[in-house]
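Each chain is listed here by its residues.
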Amino acid sequence: MSASGGGKAILAAFLANMGIALAKFIAWFLSGSASMLAEAIHSVADSGNQLLLMLGGRQAKKKADREHPFGYGRERYVYAFVVSIILFSVGGLFSIYEGIDKLTHPHELENAWIPITVLVVAIVLESFSLRTAVKESNHVRAKGQSWVSFVRHAKAPELPVVLLEDIAALTGLVFALFGVGLTVITHNSVFDAIGTLMIGTLLILVAITLGIETKSLLVGEGATDADHDRIVDAINDGPEVEKIIHIKTLYLGPDELLVAAKLGFASDAPLAHVASDIDRIEARVRKAVPTARIIYFEPDIYRPGDDPTPSTAEFVIKSAD
């Protein structure tokens, strides 16, 4: 997994969730709190998700073969999408079920100090995990880019997944503390059930967000506007090309961008010169956008009379965005 995959953040989240899950299960067993059981299942699901993200990073490293000539980079997107499904089903739906069950079959908490202690400790541990994820994300997040934009447009899915999971985990712990605390104060277990339902709703919303973002990556996204402009500028930076006829880009994986373009050359340019010109253009593009690892340039004869209208020209240049 590349550095952009956030391996350190994934490992930190996995270790934190495993320890927290065990503590939550013990607290649920001793207290009977539905919120604690929902949180325990949430932590188990998160731990499994981190294992899936690490497995996806390992699978993505496999070399290209005849069956997959562009490699296995999208394995990371597949596993990130599976993570969103697990978070939705195992985490969210189970919590909703537990909350409804607690509403229909209420019972008082026992040893309430145990789940409260576990929740406070878990909040501290999850805060450290989120801090690691934020620190790792800042290494790849563009200067001035908002966190919402980072999650929506990041091509490496691991860091956005871990960020959203950690934020959901912290918020869920607060909901659980709210439910357990009010139950202890009022001696009414309905608050524990409400806390559980709030956790389930939160996890479902996060899972839907992850599913939408990773689906977009699976379907295929082109270069960002900034990288697209850098590629166009790199092509036009020399005297070789008369006109970019059209250009398209596609991420084959988080760290591998495909660039395909039809370039118009002068009609009297010798073939040998065109070949060497393309080599120079490729070198400039790779320097401007290092993730542009697979490049296909098709030379064509540029005829000024065949220029598309301005609106059409804008479409073919921006069609990859």
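Per chain, the residues get numbers from 1 upward, laid out in the order the sequence is written. For a predicted model such as this one, the threshold for reporting local features is a pLDDT of at least 70, and the threshold for listing and counting side-chain atom pairs is 80 or more; totals across whole chains, interfaces and linings nevertheless cover every residue. Computation of side-chain values covers all heavy atoms of the structure but excludes hydrogens and water.

A. Expanded view of helix α2 (residues 34–59). By the criteria applied, helices consist of DSSP H or I runs no shorter than four residues and strands consist of E runs no shorter than two, each listed in order from the N terminus. To estimate how far a helix should extend, the number of its residues minus one is multiplied by 1.5 Å. Helix length check: α2 (26 residues) gives 37 Å between terminal C-alpha atoms against 38 Å at 1.5 Å per residue, within 8%. In this scheme, a residue with accessible area under 20% of its type's maximum is buried, one over 50% is exposed, and one in between is partly exposed, where area comes from a 1.4 Å probe on protein chains only. The buried fraction of α2 is high, at 19 of 26 residues. Think of a polar contact as two N or O atoms within 3.5 Å of one another; within protein, one of them needs to be a possible hydrogen donor and the other a possible acceptor, and neighboring residues in sequence only count if both atoms come from side chains. N-cap assignment for α2: the residue whose side-chain oxygen lies 3.2 Å from the backbone N of methionine 36 is serine 33.

B. A look at the packing of helix α4 (residues 113–140) against helix α6 (residues 158–186). For the pair α4 and α6, interaxial distance at closest approach is 9 Å and the crossing angle is 160°. Between α4 and α6, the interaxial angle falls into the category roughly antiparallel. Between α4 and α6 the crossing geometry is left-handed. Looking at the contact of α4 with α6 residue by residue, the classes come out as 20 nonpolar, three polar and three charged. Geometry is summarised by axes, namely lines fitted to C-alpha atoms with helices restricted to the contacting stretch, and by angles between N-to-C directions that run from 0 to 180 degrees. Orientation labels follow simple angle bins: below 35 degrees gives roughly parallel, above 145 gives roughly antiparallel, 65 to 115 gives roughly perpendicular, and whatever is left gives oblique. Handedness of a helix crossing follows the sense of rotation of the near helix relative to the far helix, less than a right angle counterclockwise being left-handed and clockwise being right-handed. For this scheme, ten residues count as nonpolar: Ala, Val, Leu, Ile, Met, Phe, Trp, Tyr, Cys and Pro. Four count as charged, namely Asp, Glu, Lys and Arg, and the remainder, Gly too, count as polar.

C. Representation of helix α8 (residues 225–236). For α8, spanning twelve residues, the distance from its first C-alpha to its last is 16 Å, which sits close to the expected 16 Å at 1.5 Å a residue. Those residues of α8 not exposed but buried are Asp227, His228, Ile231, Val232, Ala234 and Ile235. Projected down its long axis, α8 shows its buried positions confined to an angular sector of 160°, all on one face. Throughout, the arc means the angular range of directions from the helix axis out to the C-beta atoms.

D. How the structure looks around the layout of surface pockets. Considering only enclosed or pocket space, the largest pocket measures out at about 750 Å³ in volume. Around the largest pocket, the lining comprises 28 residues; the ones closest to its centre are His153, Lys155, Thr224, Asp227 and Tyr251. Mapped by element, the contributors of at least two residues to the lining of the largest pocket are α5 (147–153), α6 and α8. Of the residues forming the lining of the largest pocket, the biggest block, four residues, is contributed by α8. By residue class, the composition of the lining of the largest pocket is 14 nonpolar, six polar and eight charged. A 1.4 Å probe that fits into a set of points on a 1 Å grid over the protein atoms alone but cannot get out defines a cavity; an open set with protein on both sides within 12 Å along at least five of seven lines defines a pocket, and lining residues are those with an atom within 4 Å of a point. Grid points are joined across faces, edges and corners, and a volume is the space filled by probe spheres set on the points.

E. Just the packing of aromatic side chains, in detail. The pairing test for Phe, Tyr and Trp rings, Trp by its six-membered ring, is centres within 6.5 Å, and the orientation test on the planes gives stacked under 30 degrees, edge-to-face over 60, and tilted for anything in between. Counted under the stated rule, the structure contains one aromatic pair. For the ring pair tryptophan 147 and phenylalanine 150, a centre distance of 5.9 Å and an interplane angle of 90° mean the geometry is edge-to-face. Of this pair, tryptophan 147 and phenylalanine 150 both sit in helix α5, three residues apart, which is roughly one turn of the helix. Tryptophan 147 gets classed as partly exposed once you look at its relative accessible area, which sits at 33%.

F. View of a nonpolar patch on the surface. A cluster of nonpolar side chains, namely Leu22, Ile26, Trp28, Phe29 and Leu30, defines an oily patch on the protein surface of about 520 Å² accessible area. Following the sequence through the fold, tryptophan 28 ends up in helix α1 (residues 7–31). Candidate patch residues must exceed 30% relative accessible area and have no salt bridge, after which like charges are joined if within 9 Å and Val, Leu, Ile, Met, Phe, Trp or Tyr side chains if within 5 Å. Surface accessibility follows the Shrake-Rupley procedure with a 1.4 Å probe radius. Residue values consider only the protein chains on display as shielding. Put simply, a salt bridge is a Lys or Arg side-chain nitrogen that is within 4 Å of an Asp or Glu carboxyl oxygen.

G. Fine view of the confidence of the model for the protein chain. pLDDT measures how confident the predictor is about each residue, on a scale from 0 to 100. Predicted confidence across the protein chain gives a mean pLDDT of 82, with 92% of residues reaching 70 or more. In this model residues 1–5 is a low-confidence stretch, pLDDT under 50, and it forms 19 contacts with partners more than four residues away in sequence or in other chains. pLDDT under 50 marks residues 309–321. Its contacts with residues more than four places away, or in other chains, come to 21 contacts. The criterion used for residue contact is that any of the two residues' heavy atoms lie within 4.5 Å.

H. Structural context of the sheet that holds strand β1 (residues 243–253). In short, DSSP must find at least two bridges between two strands for them to pair. Spatial strand order, β1-β2-β3: three strands in an open sheet with mixed pairing. At either end of the open sheet lies a strand with only one pairing partner, and these are β1 and β3 (292–301). Within this sheet the neighbouring strands show an average axis-to-axis angle of 15°, counted without direction. As judged from the nine bridges shared by strand β2 (residues 256–265) and β3, these two strands associate in the parallel manner. Bridging from a neighbouring strand, valine 259 pairs with isoleucine 295 of β3. Lying over the sheet, α8 contacts β1, β2 and β3, oriented at roughly 135° with respect to β1.

I. Summary view of empty space enclosed by the protein. Enumeration over the complete set of coordinates arrives at one cavity of 30 Å³ or more. The computed volume of the largest cavity comes to approximately 70 Å³. Lining the largest cavity we find Val151, Arg152, Ala154, Ala156, Pro157, Pro160, Val161, Leu210, Glu213, Thr214 and Leu217. Of the residues forming the lining of the largest cavity, the biggest block, four residues, is contributed by helix α7 (residues 190–219). Here the lining of the largest cavity is built from residues that sort into eight nonpolar, one polar and two charged.

J. Just the pattern of salt bridges, in detail. Applying the stated criterion across every chain yields a total of ten salt bridges. The partner of aspartate 192 in a salt bridge is lysine 102, with the nearest N and O atoms 2.7 Å apart. A residue pair is termed long-range when its members are at least 10 positions apart, and aspartate 192 in helix α7 and lysine 102 in helix α3 (residues 75–104) qualify at 90 residues. Look at aspartate 192 and you get buried, because its relative accessible area is 0%. Among the charged side chains, a network of salt bridges with common partners joins Glu240, Asp277, Arg280 and Arg284.

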